[in-house]
Amino acid sequence: MHPHIWHPYTQAKTAPLPLKVKSAKGVWLELEDGRKVIDCISSWWVNLHGHSHPIIAEAIYQQAQRLEQVIFAGFTHEPAEKLAEQLVARLSGRFNRVFFSDNGSTAVEVALKMAYQYWVNQQQKRTTFIAFEGAYHGDTFGAMSVGARSLFSDAFSDWLTAVEFLPFPNTYIGDTQVEEKETQAIAKLESLLAKNPDRYAGIIIEPLVQGAGGMRMGRPEFLQQLRRVADQFNTLLIFDEVMTGFGRTGDWFACTKAQVEPDIICLSKGLTGGFLPFAVTVCSEAIYEAFYSDDPLKTLYHGHSYTANPLGCAAALASLELMMENESVFRTMELKHLGHFQALQNHPKLTNLRVTGTIAAMDIVTEDQPNYLNHIAAEIRQRSIEQGLLLRPLGNVLYLMPPYCITDEELAEIYQGIQTIL
Ligand SMILES: *Cc1c(COP(=O)(O)O)cnc(C)c1O
């Protein structure tokens, strides 16, 4: 380990040495020792169009020469205005206001604060949120509170606020029980809301795919039911699309795919195509209006030094343009994954195969506890590098989330590599 670096999610004492990356192009990482590795997981789910994409690089370069950064309170700039307009147009429906920040956890924090204060500003004290078992919303305290309690949050449990958790009705190919699971989750939601209708500021969910919790996939129908119940009991619905946004589910957003409009949506990972840390929390005009007042106490007192950084905006605008040009790629990747599933579906070491858009996942049959610390994860990481693949299983969950520029040959190479690793 480097004497001065502290790596994320890493126990330095037992972890293997990090691999040094020299450069990257398209789906390929080039290591310092000359080895080449396919980035099968888009570098923690952020990269969309391939690494070092010249169009995004050029957009950042051009912007950096004009305006690299300016305070965003009392000032504004064209890249932010353009990006807000484009996001609102893409999301459509009730979304109308864009709040900028710079990472997914913060986008979630902002959503929670918006929802909480939305009620405070209407003289209502709604003290808690409803979230889902297996959820991951980030590593800041609010985001940890609405995430599943896990070894990630154990040390901080005294500092986490009380949240009600519903079972997440996850499904996979061949699942016959999904409707029953959905019905149970909705019944529990209705009973919570019926018992204490004024207690909940909102419901927060990772729509269609729970990411870090193990690429657990759900159905659009369930989100439609959530919307119905949230309306019925007058509470807010928050979609954390930090991972699912920007084409990952095979449509522009999980909400557009499911045709469900939440009240607040959080976006980050793919926003700049994977070039710069950036995030937005987008809300309906109704929420914005609850803050619009002569009373200074009704202000959303939240902001960051780099709010709406012009370089981030420029990268995001370039990435959105590339998405429009390559829309067919993220729309058709699901079929390609399914094609490769043919060869894996009867593999004795695999179960619960599932795919949503560009994300494919499967559970590895293991005798150990199927959690994040499962030894199989480290073993697969090691073996995949030997195969020239960057795979990083979540416990016993093996998943693929490649950049959209991947060719059919490269995708076939990944699936071939998985066979070998298994
Ligand atoms: C990654 C992720 C976050 C946190 O984003 P960071 O940029 O890592 O802080 C929040 N929600 C979801 C669904 C995520 O996948």
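Residues numbered from 1 in each chain as written. Predicted model: local features only at pLDDT ≥ 70, side-chain atom pairs only at ≥ 80, totals over all residues. Heavy atoms only, no water.

## Notes on a nonpolar patch on the surface
A contiguous nonpolar surface patch, about 350 Å² in accessible area, is contributed by Phe 141, Phe 156 and Trp 159. Here Trp 159 shows up in the loop between α5 (141-145) and β6 (164-166). Taking the relative accessible area as the measure of exposure, Trp 159 reaches 64% and is therefore exposed. (Patch = residues over 30% accessible without salt bridge, like charges linked within 9 Å, V, L, I, M, F, W, Y side chains within 5 Å. Areas by Shrake-Rupley, 256 points an atom, 1.4 Å probe, with all protein chains shown as cover. Salt bridge = Lys/Arg side-chain N within 4 Å of Asp/Glu carboxyl O. Helix = DSSP H or I, 4+ residues; strand = E, 2+ residues; numbered from the N terminus. Buried < 20%, exposed > 50% of the residue type's maximum accessible area, 1.4 Å probe, protein only.)

## Here's the deal with the sheet that holds strand β3 (residues 36-39)
Taking strand neighbours across the sheet as the criterion, the four strands line up as β1-β2-β3-β15 in an open arrangement whose pairing is mixed. The sheet is open, and its two edges are formed by β1 (21-25) and β15 (389-390), each paired on a single side. With three bridges connecting them, strand β2 (residues 28-31) and β3 associate as antiparallel partners. Residue pairing in the sheet places Trp 28 in a bridge with Ile 38 of β3. (Pairing = 2+ DSSP bridges.)

## What about the domain arrangement of the protein chain?
Taken as a whole, the protein chain is organised into domain 1 (21-52 + 327-421) and domain 2 (58-324). Taking only C-alpha atoms, the centre of domain 1 and the centre of domain 2 are 26 Å apart. Domain 1 puts 32 residues into the contact, and the matching count from domain 2 is 30 residues. In this assembly, domain 1 packs against domain 2 so that about 2,700 Å² is buried in total across both faces, 64% of it on carbon and sulfur atoms. Applying the counting rule to domain 1 against domain 2 returns two salt bridges. At the level of secondary structure, the elements contributing two or more residues to the side of domain 1 that touches domain 2 comprise α1 (42-45), α11 (327-341), β13 (350-356), β14 (359-364) and β16 (397-400). When residues of the side of domain 1 that touches domain 2 are assigned to their parent elements, the largest contribution, six residues, is made by α11. Across the side of domain 1 that touches domain 2, the residue classes tally to 20 nonpolar, eight polar and four charged. (Domains from an automatic or database assignment. Contact = heavy atoms within 4.5 Å. Buried area = accessible area lost by both parts, 1.4 Å probe. Nonpolar A, V, L, I, M, F, W, Y, C, P; charged D, E, K, R; others polar.)

## Observations regarding the site of the ligand
The environment of the ligand is made up of Trp 45, Asn 103, Gly 104, Ser 105, Tyr 136, His 137, Gly 138, Glu 206, Asp 240, Val 242, Met 243 and Lys 269. The contact in question runs from an oxygen atom of the ligand to an N or O atom on the side chain of Asn 103, over 3.4 Å. Interatomic distance of 2.6 Å between a side-chain N/O atom of Ser 105 and an oxygen atom of the ligand. Here the residues of the shell around the ligand sort into four nonpolar, five polar and three charged. (Near = heavy atom within 4 Å. Polar contact = N/O pair within 3.5 Å; in protein donor to acceptor, adjacent residues only side chain to side chain.)

## Considerations on unusual backbone geometry
A positive phi angle, near 75°, is found at Trp 45, a position not held by glycine. On the secondary structure map, Trp 45 appears in helix α1. On the basis of relative accessible area, Trp 45 is assigned to the buried category, the value being 6%. Of note in the backbone geometry, Phe 246 takes a positive phi value of approximately 60° without being a glycine. Mapped onto the secondary structure, Phe 246 falls in the loop between β10 (236-240) and α8 (254-258).

## Thoughts on helix α3 (residues 78-91)
Given a rise of 1.5 Å per residue, 14 residues ought to cover 20 Å, and the 20 Å separating the end C-alpha atoms of α3 matches this to within 8%. Within α3 the residues assigned to the buried category are Pro 79, Ala 80, Leu 83, Ala 84, Leu 87, Val 88 and Leu 91. Buried residues of α3, viewed axially, fall in a sector of 155°; they line one side. α3 presents Glu 78, Glu 85 and Ala 89 as exposed residues on the side facing more than 90 degrees away from its buried surface. In the core, the buried residues of α3 are packed alongside α2 (54-66), β4 (95-101), α8, β11 (264-267), β12 (279-284) and α10 (310-325). In the segment just after α3, Ser 92 is the residue with positive phi, at about 55°. (Expected span 1.5 Å × (residues − 1). Arc of directions from axis to C-beta.)

## Brief notes about the environment of Ala 201
Of note, Ala 201 is situated in strand β7 (residues 200-205). Along the backbone, Ala 201 and Leu 237 are 36 residues apart, and their C-alpha atoms lie at a distance of 9.0 Å. Not counting chain neighbours up to four residues away, the residues in contact with Ala 201 comprise Ala 115, Tyr 116, Trp 119, Arg 126, Thr 128, Phe 129, Thr 235 and Leu 236.

## Here we look at the packing of α11 against helix α13 (residues 408-421)
The interhelical angle for the contact between α11 and α13, taken along N-to-C directions, is 40°, at an axis separation of 11 Å. Here α11 lies oblique to α13, going by the angle between them. For the element pair α11 and α13, the recorded crossing hand is right-handed. Residue-level contacts link Lys 336, His 337, His 340 and Phe 341 of α11 to Asp 408, Leu 411, Ala 412 and Tyr 415 of α13. Looking at the contact of α11 with α13, its residues break down into four nonpolar, two polar and two charged. (Axes fitted to C-alpha atoms, helices over the stretch in contact; angles between N-to-C directions. Parallel < 35°, antiparallel > 145°, perpendicular 65-115°, else oblique. Left-handed = near helix turned anticlockwise from the far one by under 90°.)

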